[in-house]
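# Descriptive structure summary
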Amino acid sequence: MDNCPHCGAELKQGAKFCPHCGSDADTGWKEGAEFTDLETPDYDEIVENEFGTDEYGNKKKKANPIAIAAAVIVALAFIAAFILH
């Protein structure tokens, strides 16, 4: 078995293109090309950042801006009450 010089996937002997990444002679596959172990992003992290879900597809709970604003107002009211008394 050979390895794809672009993505490192295993290739059948004499393959004309890589079934994993699609590279071939026309896209830069040439003799002497080497696969370098590129650091790829973590799939679960991408899903979490892009879609707001965990690795199981559950939506992450986000802080409610109205609740945060209400908490700040209550805290300021308590501070003002202590300062005035």
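Here the structure is a predicted model, which is why all the values come from computation and not from measurement. (Residues numbered from 1 in each chain as written. Predicted model: local features only at pLDDT ≥ 70, side-chain atom pairs only at ≥ 80, totals over all residues. Heavy atoms only, no water.)

### Examining the environment of Asn58
The condition is simple: Going along the chain from the N terminus, every DSSP run of H or I of four or more residues is numbered as a helix, and every run of E of two or more is numbered as a strand.
The residue Asn58 is located in the loop between helix H1 (43–51) and helix H2 (65–84) in this model. Measuring from C-alpha to C-alpha, the distance between Asn58 and Glu48 comes to 9.7 Å, with 10 residues separating the pair along the chain.

### A look at the confidence of the model for the protein
Heads up, the rule is: Per-residue confidence from the predictor is reported as pLDDT, a score between 0 and 100.
Per-residue confidence for the protein averages 76 on the pLDDT scale, and 72% of its residues sit at or above 70. Here H1 stands out as the least confident element of the protein, with mean pLDDT 72; H2 is the most confident, with 89.

### Remarks on the environment of Asp2
Worth spelling out the cut-off: For every residue, the accessible area obtained with a 1.4 Å probe (protein chains only) is divided by the maximum for its type, and the residue is called buried under 20%, exposed over 50%, and partly exposed between those limits. Working rule for contacts: check all heavy atoms of both residues, and any pair within 4.5 Å makes them a contact.
Looking at the secondary structure, you find Asp2 in strand S1 (residues 2–3). Given a relative accessible area of 35%, Asp2 falls into the partly exposed group. For Asp2 and Gly14, which are 12 residues apart along the polypeptide, the C-alpha to C-alpha distance reads 8.3 Å. Not counting the four nearest positions on each side in its chain, Asp2 is found in contact with Ala9, Glu10, Leu11, Gln13 and Gly14.

### Re a nonpolar patch on the surface
Just so we agree on the cut-off: Exposure above 30% relative accessible area and no salt bridge define the residues that can form patches, which grow by joining like charges within 9 Å and nonpolar side chains of Val, Leu, Ile, Met, Phe, Trp and Tyr within 5 Å. For accessible areas, the Shrake-Rupley method is used with a probe of radius 1.4 Å. Any residue's cover is judged against the shown protein chains and nothing else. Salt-bridge detection follows one rule: a side-chain nitrogen of Lys or Arg within 4 Å of a carboxyl oxygen of Asp or Glu.
Together, Ile68, Val72, Leu76, Ile79 and Ile83 give the surface a local cluster of nonpolar side chains, amounting to about 490 Å² of exposed area. For Leu76, a relative accessible area of 53% puts it in the exposed group.

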